[in-house]
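Structural overview for review
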2 protein chains.
Amino acid sequence: MSKPKGFEKPAGVRDYLPYAAEKLRAIERSVLDCMSGWGYRQILTPTMEYYDTVGMASSTSDRKLFKLLNNRGTTMVLRSDMTAPIARVVASMLKEEPLPLRLSYHANVFRAIEEEAGKEAEFFQTGVELVGDDSPEADAEVVALAVASLKAAGVTSFKIALGHVGFLNGLLEDAVPGQEEIRETLKEGLLHRDYVGYRETLAGLSLSEEQREELEGILRLRGGKEICRQALELSGNPLAQHAVQHLSEVWDTLEDYGVAQHVMIDLTMIGDFSYYTGMTFEGYAAELGFPVCSGGRYDNLLQQFGRPAPATGFSLKTNRILDGVDGIKPERDLPVLMQYDAANRKLAFDEAAQLRGEGRSVVMRHVEGPENVLSDTIAREVRTGPLGPAYGEIRTYTSF
Amino acid sequence: MSKPKGFEKPAGVRDYLPYAAEKLRAIERSVLDCMSGWGYRQILTPTMEYYDTVGMASSTSDRKLFKLLNNRGTTMVLRSDMTAPIARVVASMLKEEPLPLRLSYHANVFRAIEEEAGKEAEFFQTGVELVGDDSPEADAEVVALAVASLKAAGVTSFKIALGHVGFLNGLLEDAVPGQEEIRETLKEGLLHRDYVGYRETLAGLSLSEEQREELEGILRLRGGKEICRQALELSGNPLAQHAVQHLSEVWDTLEDYGVAQHVMIDLTMIGDFSYYTGMTFEGYAAELGFPVCSGGRYDNLLQQFGRPAPATGFSLKTNRILDGVDGIKPERDLPVLMQYDAANRKLAFDEAAQLRGEGRSVVMRHVEGPENVLSDTIAREVRTGPLGPAYGEIRTYTSF
C-alpha cells in the first residue's frame, strides 16, 4: 500500500472552498431559522458515540458504521445520523423535560463506504425531531415543516411522497404470514423502486387472487387524497385500514397548512430506515433524481434509551441541495482593498475600522513604494481562480 | 469491561442542550462575521484526514491523535486542528490562487485523552490563517483581528501576551549550542510557566555569567514597548535581535490599530505548537485562568504540502469562551403557544404562518376539548427544566 501524498484526503470526504462554504452556511442559517419559527430548538451532540448504545440503535447497517476504539478499548462510532443521538439526549439529559419536545439540528454524519462507489463518507443533514406526540397532526406538522424548510433552503420545485409502513405490513401480514424473508424481498423491491423485481417475487408466491391483486394494486396507489379511499377498498386488513385512516387525517391537516399541493400519497413509500413505524415521506426536487429530504415516524426508538415515547421527524439531505439546487446565493459584497504606506497607516486603519463597523469587508495592503500600488483595474482582476474576483473597490492612502 | 448503558456517551465529549447550542451559535456567527469584515473567507475541511499527511504535519503529539482505519486499511485521524488541513487545501485545491490568502473557520477538533484527566476529546475552535505574507504587518493584523474576535465573542476584559520564538532560540544558540535536550527542558519550563523549574535547570548548567543573566533576564521581559529596548540590550545574538526588531514593528502597527492597550510583550511566550517559527501569542480573559485564544507564525508548514509560503494565524478556544465568559446572550423570543380545536385549525395555521413571516416563533397545540386547554399561567410555567420557560404568550382558537 502506497503512502498518501501530501495533498490527498481520504475517499468520500471533501473540502468546501469559500463559495461552497458560504452557500452551505447560508442554507444552514436559513433552514435553522425556519425551524426556529416553528418552535424547534437547536441541539448539538458529539461526533463520537458508543457503538453499543447509539451505534446499535441507529438505522445504519453495521458495515457502514465508522468504528474506532477509545483508549480503554471500548468501540465507538462516528454518528451516522442525528435521530439516535437525540433519542439518547431526550432520555437522559432532558428526561425531566415535559413532552412534547421540539428539537432541530444541523450536523455532519458519517458512513463507511466502498471507495469505488464514489459515495460520500461525510455529509451534512439539517433536520428536526418532534418527540412525545403520536397524533396525525404531529406527522402533518413535520411534513409541513419539511415543505417550509425546503423552500428556506432555496428548493423551489419539489414534491413530497407520503406513505405509511403499516399499509404494506398489513397486506403482507395476510398474504405471507411469518415469511420474513419474502417480506424483506418485497420491501427491498419497493424501496429501490424495482417494480419488475417486486412483481416477479409476487409471481413466485402461492397467493389467493385477492391477495395478489392487493399486493399488485399497491403499485397503483399514488396520487392525491382519493388514494386513501382506493386503499381502504383494496384491503380490509385492520393494520392497513388504520394506516390509511391515519394518512387521511395527515392529508386533511396538510390541506389546512396550505401545502397539500406539494404532497402526493404513495403507498409504495416505506422509507429506508428500519426504525420507522408509521408515516414515512421523501421529498424530490424537480432538478434532481434522488431525494432531498426524508422523514417518518419512529415510535419504538426512544424506549431503547429507557424513555418510551412516540416520535416523528425528518432531515434535509443538505449536501444534495448544496450541489444540486441553484437556490440560495450567499450574500457577499466584494471587499474593499485598502492600500496604504507607512505614513498613512493609522489613517487607513481608522477608515477600515469605520467601514467594518458599517458592515463592509476590508482587506489591508501595505505598499512600500509607488511601484507596488495596485491599480484599480488590476485589483479587480487580480484573483480569478477558484475564489473568484478579489475586490469590489480599491482605496489608496499613500503620500508617494 | 462492562457495556456502556443506553444513556452514556464517551468520555470527554458533550451534548449541547438548546441554551448552550444557541449561545455557541451566537458566538460562532458573531466571530465569523467579524472575520469576514477583515476579508477572511470561510472554509470547511473533512473531519477525517490521512495520518501520513495532515496527521503528521499537525502539532498534536502522536498519542493524542484519534486514529481509525478506512476500509482499505489506511490510517486516518480525526483532525486535531484546522491549521494543517488548511495548509493542505492552500497547497492543493487553492494552489492557483494568488497569495496572500485570508481564510477563516469554525470547526470541531479532536484529542485522544486520558479519561481520568477530565479533558475534552472534542471541542470547537474559531480562527483564521493569513497565508503568503511574512511582514510584521501581517502578524499585527492577526493579533488585531484576535482582539476584535474576542470582543465579538463577548469577551470584554482580556490581555494578549505577545512573544517570539526567535528570541529564546537566539539566547539558547549562544548558551547551550547543540544541546537539544536541555533546550527542550528550558522551553518546557517556560511553556508551563514553571519558572522555578526553569531556574533550577539553568543553575545546573555551566554558563558564563553573562549567559546566565540573559537566560534569567528573559523572565523579567514582560510589559509594554519598553521591553523591546530592554531585550535588545540583554542579548546581542543576531537571531534574538531580529526577533525583537520584528516584535517592535508588530507593536507599532498594533498601536496604529488602536489595540496596544490589550497587548503586553512577554518574551517567555513561546507558544505550544511545535510548528511556530516567529511571533506567538496567547489571549487571557480576566475571568479565566487559561488562554482563550492562541496563535503565531508558522513559516515552514506549507512547504510540507508542496507550496512553501509564510503564514500566520490564530484560533479562539471557543468552548472556553462559551463556558467561562458570560458575554453573548443568544437572542430568543419565547415562542407563542397557539392552541386550536379541529373547527379552528385552518384559522390557527394561517395566523401562525403570518406570525412566522414576521419572525416570531409559534408552537402549535391541538386540543380536543375544553379540559385540555392550557391556561395562560400554566403555559408560561409548564416547562422549568433544563430548557427554561416554554412560551412567552398563548393564543387560543377554540369554539368550546
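Located above this text is the structure these notes cover.
Residues numbered from 1 in each chain as written. Chains lettered and ligands numbered in written order. Predicted model: local features only at pLDDT ≥ 70, side-chain atom pairs only at ≥ 80, totals over all residues. Heavy atoms only, no water.

1. Details of the nonpolar core
Within the largest apolar cluster, 114 residues are counted, with the highest numbers of intra-cluster contacts made by Ile160, Leu162, Phe167 and Phe281 of chain A. No other element matches the 10 residues that helix H4 (residues 136-152) of chain A contributes to this core. Beyond its immediate sequence surroundings of up to four residues, Ile160 of chain A is in contact with Val143, Ala146, Val147, Leu150, His262, Val263, Met264, Phe281, Glu282, Gly283 and Cys293 of chain A. Membership of the second largest hydrophobic core comes to 113 residues, among which are Trp38, Ala140, Leu172 and Leu247 of chain B. (Core = buried A, V, L, I, M, F, W, Y, C linked by side-chain atoms within 4.5 Å. Buried < 20%, exposed > 50% of the residue type's maximum accessible area, 1.4 Å probe, protein only. Helix = DSSP H or I, 4+ residues; strand = E, 2+ residues; numbered from the N terminus. Contact = heavy atoms within 4.5 Å.)

2. Brief notes about a negative patch on the surface
Residues and elements named next belong to chain A. Among the surface-exposed residues, Glu173, Asp174, Glu209, Glu210 and Glu213 lie close enough to one another that they form a single negatively charged patch. Here the element with the most residues in the negative patch is helix H8 (residues 209-217); it accounts for 3 residues. Note that Glu209 resides in helix H8. Look at Glu209 and you get exposed, because its relative accessible area is 55%. (Patch = residues over 30% accessible without salt bridge, like charges linked within 9 Å, V, L, I, M, F, W, Y side chains within 5 Å. Areas by Shrake-Rupley, 256 points an atom, 1.4 Å probe, with all protein chains shown as cover. Salt bridge = Lys/Arg side-chain N within 4 Å of Asp/Glu carboxyl O. Lys, Arg positive; Asp, Glu negative; His and termini not counted. Charge placed at Lys NZ, Arg CZ, Asp CG, Glu CD.)

3. A word on the sheet that holds strand E5 (residues 101-110) of chain A
In sheet architecture, strand pairing relies on hydrogen bonds along the backbone and comes in two forms, parallel and antiparallel. All names here are of chain A. The sheet built from 9 strands is open, its strands ordered E1-E5-E6-E12-E11-E10-E7-E9-E8 with mixed pairing. One side of each edge strand has no neighbouring strand; the edge strands of this open sheet are strand E1 (41-42) and strand E8 (222-223). Relative to strand E10 (residues 279-285), strand E7 (residues 158-164) runs antiparallel, the two being bridged by 7 bridges. Of the residues in E10, the one forming a bridge with His164 is Met279. Packing of helix H1 (residues 18-37) onto the sheet brings it into contact with E1, E5, strand E6 (122-131) and strand E12 (311-317), and relative to E6 it is tilted by some 0 degrees. Sitting on the sheet, helix H5 (residues 165-175) is in contact with E7 and E10, with an inclination near 40 degrees to E7. (Pairing = 2+ DSSP bridges. Axes fitted to C-alpha atoms, helices over the stretch in contact; angles between N-to-C directions.)

4. Quick word on the environment of Val143 of chain B
Residue and element names in this part refer to chain B. Examined against the element boundaries, Val143 turns out to sit in helix H4 (residues 136-152). Sequence separation between Val143 and His262 is 119 residues, and the spatial gap between their C-alpha atoms is 10.0 Å. Each residue touching Val143, except ones within four places of it in the same chain, is listed here: Ile160, Leu162, Leu254, Val263, Met279 and Phe281.

5. A few points about the relation of the copies chain A and chain B
By a simple turn and slide, chain A fits onto chain B: the slide is 0.0 Å along the axis, the RMSD is 0.0 Å, and the turn is 180 degrees. Viewed as a symmetry operation, the transformation between the two copies matches a two-fold axis. Within chain A, Leu68 of chain A has its C-alpha nearest the rotation axis, a separation of 2.7 Å. Here 100% of the interface residues in chain A have copies in chain B that are interface residues too; the copies meet face to matching face. (Least-squares fit on C-alpha atoms with pLDDT ≥ 70 in both.)

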